[in-house]
Every structure is written in C-alpha cells, then in structure tokens.
2 protein chains.
Amino acid sequence: MKRRNTKSKTEILEILKSSSNSALSHEMLQEKLNSNIDRATIYRVLNRFCDDGWVHRIVGDDGKQYFALCLNCGEKKGEHNHNHFHFRCLQCGTVECLENEIDIPLPKGYMAKSINGLISGYCNNCS
Amino acid sequence: MKRRNTKSKTEILEILKSSSNSALSHEMLQEKLNSNIDRATIYRVLNRFCDDGWVHRIVGDDGKQYFALCLNCGEKKGEHNHNHFHFRCLQCGTVECLENEIDIPLPKGYMAKSINGLISGYCNNCS
DNA sequence: TTGTTAATGCGACTTTGTTGCAATAAAGCA
DNA sequence: TGCTTTATTGCAACAAAGTCGCATTAACAA
Ligand SMILES: [Mn+2]
Ligand SMILES: [Mn+2]
Ligand SMILES: [Zn+2]
Ligand SMILES: [Zn+2]
C-alpha cells in the first residue's frame, strides 16, 4: 500500500510544519485549515503520519490527542524516540515539546514501548 | 459543604485500598463492585476523592482516567505532589505507580501545575 | 423525630475518536 | 492522453468516556 499525495495530506503537513515545536489537536488543526476537510479524514491523515514516523502523538491530561512533527525526537543518537516531556498551558492551550529527555529506570522485567510525559501549567506568555 | 459517608463512597474506597499501588479505571472499578452503583456516581465519588486529596488521577495514553490512592505522593517532604511516573501494561491493562520522582527543569517563566507521566509497555508478568 | 442538603439514579447530552461503505482521485502504465 | 487500480475521501453511523440537570433519597445534626 503505497502512500499518495493528496491535497489534505499536503495542507495538514504544511500546518504542522508552520506551527513547529507546538503540537496541535484535531480541533486546532481544523481551525487553521483553509479547505473543509472532513474530521475523519484529518484523523486518518494524522494517524498515517504517526504510523510513518513523521509525527508523534501526545495524549494530554485533558484526554485529547495532540500531534507534532518529529523534529528533535532522538535523532542525535540515530534512533527515533519520543522520550521528551511536553507542556500544556492551561490558559492558552498550547502544547509544546520540551527539550529534556526522559530516562526512567523501570523495575526488573518491565519493557517500555512508549512514553507519554506531560506537564500542565502556565506557559511563559500566560504566567 | 460537608462530606457524608455513604455506601458508595465506602465501597469504592475499599476497592481502591485493596488494589493498592495499582490505579483503576472507572470500568475496572465497576467490575469489582458488589452493588450496582451508577456510572455517574462512581465518577462523582472519584472526583470528590481527587478534590479532597485522597486519590490522584492518571490519564492514560489510552485516553482513559485511572485513579489511585495517594500513598507515596511526596509525603516524605511534607508536601503532596504526584510527581511520579506510571506504567500501563498493554497486555493485562494494569496501571501502577512507579517509585521514581520526576523533576523536570522547565524553561524560564513556565509554571507547573500538575504532572502526568506515563510509560506503557509490558509489565513483569506479561513480558 | 424532623429538617436540611449532600449524594444518588437516571436520562440526556457532549466530546473525542473510529469504522463501514460508496464515491473520488492519485499514480502507474498502455 | 486515456485507462486501470486502489489509496483516500466524505458522510453517516457508531462507540466510549465523561459530564450535567433534575427529581428522589438518605446522611447527619439539631
Ligand atoms: Mn514532542
Ligand atoms: Mn501514582
Ligand atoms: Zn499559555
Ligand atoms: Zn501486564
């Protein structure tokens, strides 16, 4: 199943690029869209991006999913890990990728598959 | 508004105590219940526990809320912080509190209100 | 025992995200 | 360019999680 370049895919990717370092929810994305792309399509495009490793998904403490381009996702080491924290501002809603890498020592016999670290509070602009 | 001791409150608290160190979702709780407590009531009881500081809420990367008694929530320092990671097993569904305390250095001007750290993977029994 | 009101049950509702299916349109090829 | 294949879309339906309004019940204090 080879991927195709569609208008939706292109436009959504553009938006993600232009809002670099901050992750967008489906809703935020839809507001920024020019065309009227269906909700289900947006989700499907985003999920495909995640599957292909272009984007990583953050689950907020508000229960919503946020999506961000993979920029500093452990490329330094040659691998691709989303082991950084995120910050969600309770005032303006922005979700940002933080720099710090997470390295939590797990108990014996535990195997990590994915990490979702999120701090919420007030960002630089809102505090 | 003074809290009252009801059958629901007592029973839910018992269950949380008996499954110490592992957090329960609303669904898990309902399965363990003897009486038929309404879904909305369960949520309301749990939210009250959270408000009163007996319980802390974890938002899983599955988007669900999990609730755990506050046992090792920073009492050592006299304060009450839920700054520890949690582990969710993709196989058996268990959500556990990990020991390690988190201390993420935030950028200047940022203020943390709450931390939600979750690692998912396979637990000791399932890996 | 009685009065006050916190807590419950029930139903309706919202939001988030997924899925089935028919219609559309990329991309590869004649 | 026109044709074929099938990935992608739009739309509707659906599921699950969580909240809320309101009438009823029951905790608890007087
Ligand atoms: Mn990130
Ligand atoms: Mn915990
Ligand atoms: Zn902000
Ligand atoms: Zn397990």
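Here, every reference points to the structure presented above.
Residues numbered from 1 in each chain as written. Chains lettered and ligands numbered in written order. Predicted model: local features only at pLDDT ≥ 70, side-chain atom pairs only at ≥ 80, totals over all residues. Heavy atoms only, no water.

Engineer: Which parts of the structure should I look at to understand the coordination of the zinc ion (ligand 3)?
Structural biologist: Working reference: metal with six octahedral donors, ideal angles 90 or 180 degrees; metal with four tetrahedral donors, ideal angle 109.5 degrees. Residue and element names in this part refer to chain A. Around the zinc ion (ligand 3), the protein contributes the donor atoms Cys89 (SG), Cys92 (SG), Cys123 (SG) and Cys126 (SG), at 2.2 to 2.4 Å from the metal centre. For the zinc ion (ligand 3), the four donor atoms are set out with angles of 101 to 118 degrees between them, so the coordination reads as tetrahedral. Sequence spacing among the residues donating to the zinc ion (ligand 3) works out to C-x2-C-x30-C-x2-C. In this structure Cys123 comes out as buried when scored by relative accessible area, which is 4%. Overall, Cys126 belongs to the partly exposed group, its relative accessible area being 25%. (Donors = N, O, S within 2.8 Å, 3.2 Å for Na, K, Ca; no water. Tetrahedral: all angles 85-135°; square planar, octahedral: opposite > 155°, others 65-115°. Buried < 20%, exposed > 50% of the residue type's maximum accessible area, 1.4 Å probe, protein only.)

Engineer: Would you mind showing me how to read the coordination of the manganese ion (ligand 1) here?
Structural biologist: Residues and elements named next belong to chain A. Taken together, His56 (NE2), His84 (NE2), His86 (NE2) and Cys97 (SG) make up the protein donors of the manganese ion (ligand 1), found 2.0 to 2.3 Å from the metal. On the primary sequence, the residues serving as donors to the manganese ion (ligand 1) are separated as H-x27-H-x1-H-x10-C. One end of the pair, His56, is in strand β2 (residues 55-59); the other, Cys97, is in strand β5 (residues 95-101), and 41 residues separate them in sequence. Given a relative accessible area of 2%, His56 falls into the buried group. (Helix = DSSP H or I, 4+ residues; strand = E, 2+ residues; numbered from the N terminus.)

Engineer: Would you mind showing me how to read the interface of chain B and chain A here?
Structural biologist: Many analyses report the size of an interface as the accessible area lost when the parts associate. Chain B puts 33 residues into the contact, and the matching count from chain A is 33 residues. Both sides of the chain B and chain A interface together cover about 2,600 Å² of buried area, and 63% of this is carbon and sulfur. Counting across the interface, chain B meets chain A through zero salt bridges. Summed over the shared surface of chain B and chain A, the number is 12 residue pairs in polar contact (both at pLDDT 80 or more). For the side of chain B that touches chain A, the leading source of residues is strand β6 (residues 111-122) of chain B, giving 12 residues. (Contact = heavy atoms within 4.5 Å. Buried area = accessible area lost by both parts, 1.4 Å probe. Salt bridge = Lys/Arg side-chain N within 4 Å of Asp/Glu carboxyl O. Polar contact = N/O pair within 3.5 Å; in protein donor to acceptor, adjacent residues only side chain to side chain.)

Engineer: What is the right way to look at the sheet that holds strand β4 (residues 84-89) of chain A in this model?
Structural biologist: One open sheet accounts for 12 strands, arranged β2(A)-β3(A)-β1(A)-β5(A)-β4(A)-β6(A)-β6(B)-β4(B)-β5(B)-β1(B)-β3(B)-β2(B); its pairing is mixed. A single partner strand is all that each edge strand has here, and the edge strands are β2 of chain A together with β2 (55-59) of chain B. Pairs of neighbouring strands in the sheet enclose a mean axial angle of 35 degrees, with direction left out of account. Summarising the sheet, strand β1 (residues 22-25) of chain A and β5 of chain A pair through two bridges and their orientation is antiparallel. The residue of β5 of chain A that forms the bridge with Ser22 of chain A is Glu96 of chain A. Running over the sheet, helix α1 (residues 7-18) of chain B touches β1 (22-25), β2 and β3 (65-69) of chain B and is turned about 80 degrees from β3 of chain B. Along the sheet, helix α3 (residues 39-52) of chain B makes contact with β2 and β3 of chain B, crossing β2 of chain B at roughly 110 degrees. (Pairing = 2+ DSSP bridges. Axes fitted to C-alpha atoms, helices over the stretch in contact; angles between N-to-C directions.)

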